[in-house]
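The chain contents come next:
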Amino acid sequence: MSTTSGAADPLAELFAALPCHFADSPLYSRLGPVVAADERLLAIARHARSGQVPSNLLLASVHYLLLRDPAHELAAWYPSTGRGPATGDPGPAFTAFCLSRQEELIELMRRRLVQTNVVKRSAVLRLGMTMVASMTDEPVTLIEVGSSAGVHLRFDDYRYEIAGRTWGRASSPVVVSAEWRGQGPPPDLDRLPAIADRAGIDLNPIDAGDPDERLWLRALIWPENLAQAALQDEALRVVAANPPRTYAGDAVDLLPEVVAEVPRGTPVVIFHSATRMHVAAERREAFDAAIASVGREHDLFHLTFEGAPDLEGQGFALELRRGGEPSRRPAIGHGHAEWLSDFPPRVS
Ligand SMILES: C[S@@+](CC[C@H](N)C(=O)[O-])C[C@H]1O[C@@H](n2cnc3c(N)ncnc32)[C@H](O)[C@@H]1O
């Protein structure tokens, strides 16, 4: 974990910590320390673009190549490839694969982004929208920043099964279920504001109908998580049939022109989940300012589901801020919305 100068290498530390950060993936928990200990693998990971998390990118790039061509023996450790199951240490096969496919991996690391579009986070957006409905009777414009394939922008097309109840579109092929850990029952998730318009902004909007882009999204999901992959497939079909309007570029640059199309004084909900954490550190102030500036001419509801320092990696916080009012935190949840809870959570 130390460089020859004795200083700690942050990249090696990032990979060494994967058993903690990627605890839901037994395979990635084993591969993290393998990369951390091998400067040849770290050298490949160093090609990630600024602001992108190299561990997610390297593991997704390997996964993408294996999904395209599962002939290599490494595929047997990846349940998503339909090969295996393999037993023993995946480290030697992983290392051999990375070194033999180095050039392709570097090209992917330079070009691709971490764009995991987690369908279950639609439940978080829905929860936040019920709060917005309790604060305004007017139709709202919904703008998602970091919309990836636009899965959340169709959140009202899905069926939800939470706390033994169902909400949303009963006949939808997309069924979003989440464990409810709240002290009381969840709010009425069918109480939504009318949506006057909706749009997404992303550095690289994913075309839900493009097989190669879908494969990249599939590769970003942990290899063991077959349920999340199946849910994503269903949601991408719904989105591809009715793609939301999306703008390609940095939200800092694009938000003013997107919002200029919205009638002045009307409510605008700006939602982002797992996005601010992927904005390069030196751009975060500008990112926050671009969103806050929407409040100058509109009734701004800024809704976020991001990691929060006080949660110490134990989940994400759903936060809502109206204009310049103090932010409130109605709920917290698992980063992939496997569980949700009102805040403060129940102590078990
Ligand atoms: C990890 S993905 C999360 C996608 C989606 N919000 C979700 O929760 O499923 C982060 C997304 O934010 C986008 N992104 C990052 N920085 C951005 C920026 N400054 N402006 C617009 N999009 C950005 C990335 O391209 C990526 O699609």
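Calculation rules
- Residues numbered from 1 in each chain as written.
- Predicted model: local features only at pLDDT ≥ 70, side-chain atom pairs only at ≥ 80, totals over all residues.
- Heavy atoms only, no water.
- Helix = DSSP H or I, 4+ residues; strand = E, 2+ residues; numbered from the N terminus.
- Rg over C-alpha atoms; globule rule 2.2 N^0.38 Å.
- Buried < 20%, exposed > 50% of the residue type's maximum accessible area, 1.4 Å probe, protein only.
- Contact = heavy atoms within 4.5 Å.
- Areas by Shrake-Rupley, 256 points an atom, 1.4 Å probe, with all protein chains shown as cover.
- Lys, Arg positive; Asp, Glu negative; His and termini not counted.
- Charge placed at Lys NZ, Arg CZ, Asp CG, Glu CD.
- Pairing = 2+ DSSP bridges.
- Axes fitted to C-alpha atoms, helices over the stretch in contact; angles between N-to-C directions.
- Near = heavy atom within 4 Å.
- Polar contact = N/O pair within 3.5 Å; in protein donor to acceptor, adjacent residues only side chain to side chain.
- Nonpolar A, V, L, I, M, F, W, Y, C, P; charged D, E, K, R; others polar.
- Domains from an automatic or database assignment.
- Buried area = accessible area lost by both parts, 1.4 Å probe.
- Salt bridge = Lys/Arg side-chain N within 4 Å of Asp/Glu carboxyl O.
- Arc of directions from axis to C-beta.
- Expected span 1.5 Å × (residues − 1).
- Phe/Tyr/Trp six-rings, centres within 6.5 Å; stacked < 30°, edge-to-face > 60°.

*Asks:* What is the right way to read the overall build of the chain from this model?
*Replies:* Per the secondary structure count, the chain includes twelve helices and eleven strands. On C-alpha atoms alone, the chain measures out to a radius of gyration of 21 Å, which is about the 20 Å that the 2.2 N^0.38 rule sets for 348 residues. Among the 348 residues that make up the chain, the fraction classed as buried is 53%. The contacts of the chain with a sequence gap of at least 6 include a subset with a gap of at least 24, amounting to 67%. Counting every atom, the chain has about 15200 Å² of accessible surface; 51% of that belongs to carbon and sulfur. Between the centroid of the 34 positive side chains of the chain and the centroid of its 45 negative side chains there is a distance of 2 Å.

*Asks:* What is the right way to look at the sheet that holds strand S4 (residues 175-180) in this model?
*Replies:* Strand pairing in a sheet takes place through backbone hydrogen bonds and is either antiparallel or parallel in direction. Pairing within the open sheet is mixed, and its eleven strands lie in the order S3-S2-S4-S11-S10-S9-S8-S7-S1-S5-S6. Each edge of the sheet is formed by a strand with only one pairing partner; in this case those strands are strand S3 (165-168) and strand S6 (246-248). Sheet twist, expressed as the mean angle between neighbouring strand axes with direction ignored, is 25°. As judged from the four bridges shared by strand S2 (residues 159-162) and S3, these two strands associate in the antiparallel manner.

*Asks:* What am I meant to see in the site of the ligand here?
*Replies:* What surrounds the ligand is a group of 21 residues, the closest being Val118, Arg121, Gly146, Asp202 and Ser273. One nitrogen or oxygen atom from the side chain of Asp250 is found 3.1 Å from a nitrogen atom belonging to the ligand. Computed on the free molecule, the ligand has an accessible area of 590 Å², of which 98% lies beneath the protein chains in the complex. Here the residues of the shell around the ligand are counted per class, giving seven nonpolar, ten polar and four charged.

*Asks:* What am I meant to see in the domain arrangement of the chain here?
*Replies:* Domain boundaries assigned for the chain yield domain 1 (10-111) and domain 2 (121-342). If you average the C-alpha positions of domain 1 and of domain 2, the two centres end up 29 Å apart. Residue-level contacts link 21 residues of domain 1 with 15 residues of domain 2. Of the roughly 1600 Å² buried between domain 1 and domain 2 on both sides combined, carbon and sulfur atoms contribute 68%. Where domain 1 touches domain 2, the interface holds zero salt bridges.

*Asks:* I tried to follow the pattern of salt bridges on my own but got confused; where do I start?
*Replies:* Once the charged atoms of two side chains with opposite charge are near each other, the side chains can pair. Taken as a whole and assessed by the stated rule, the structure comprises 21 salt bridges. Across the salt bridge formed by Asp212 and Arg112, the nearest N and O atoms sit 3.0 Å from each other. Highlighted residues: Asp212 in helix H9 (residues 211-220) and Arg112 in the loop between helix H7 (102-111) and helix H8 (121-133), separated in sequence by 100 residues. In this structure, Glu297 and Arg264 form a salt bridge, with 3.0 Å as the shortest nitrogen-oxygen distance.

*Asks:* Help me understand helix H12 (residues 284-293) in this model?
*Replies:* Two residues of an α-helix separated by three or four positions point the same way, owing to the 3.6 residues in each turn. Every buried residue of H12 is listed here: Phe287, Ala290 and Ile291. All buried residues of H12 project into a common sector of 95° when viewed along the axis, lining one side. In this structure, the buried side of H12 is in contact with strand S1 (140-145), helix H11 (251-259), strand S7 (267-273) and strand S8 (299-307).

*Asks:* Looking at this structure, how should I read helix H5 (residues 54-68)?
*Replies:* For H5, spanning 15 residues, the distance from its first C-alpha to its last is 21 Å, which sits close to the expected 21 Å at 1.5 Å a residue. Counted residue by residue, H5 has 14 buried out of 15 residues, so it is predominantly covered.

*Asks:* I tried to follow the environment of Arg264 on my own but got confused; where do I start?
*Replies:* Tracing the sequence through the fold places Arg264 in the loop between H11 and S7. Taking the C-alpha atoms as reference, Arg264 lies 21 Å from Phe287; in sequence the two are 23 residues apart. Residues in contact with Arg264, not counting those within four places in the same chain, are Glu297 and His298. Only 3.0 Å separates the side chain of Arg264 from the side chain of Glu297, close enough to count as a polar contact.

*Asks:* What should I look at first to understand unusual backbone geometry in this one?
*Replies:* Glycine aside, a negative phi is what most residues show, and trans is what most peptide bonds show. Non-glycine residue Ser148 carries a positive phi angle of around 50°. Within the secondary structure, Ser148 sits in the loop between S1 and S2. Under the relative-accessibility criterion, Ser148 is labelled buried at 3%. The backbone phi angle of Ala337 is positive, close to 60°, even though this residue is not glycine.

*Asks:* How should the packing of aromatic side chains be read in this particular structure?
*Replies:* Two descriptors summarise a pair of aromatic rings, namely the distance from one centre to the other and the angle between the planes of the rings. If you walk through the whole model with that rule in mind, you get five aromatic pairs. Between the aromatic rings of Tyr28 and Trp222, the centroid separation amounts to 5.6 Å while the plane-to-plane angle is 70°, which identifies the pairing as edge-to-face. Placement of the pair is Tyr28 in helix H3 (residues 26-36) and Trp222 in the loop between H9 and helix H10 (226-241), with a sequence separation of 194 residues. In textbook terms, an aromatic cluster arises when at least three aromatic residues are bridged by ring pairs, as seen for Phe22, Tyr28 and Trp222.

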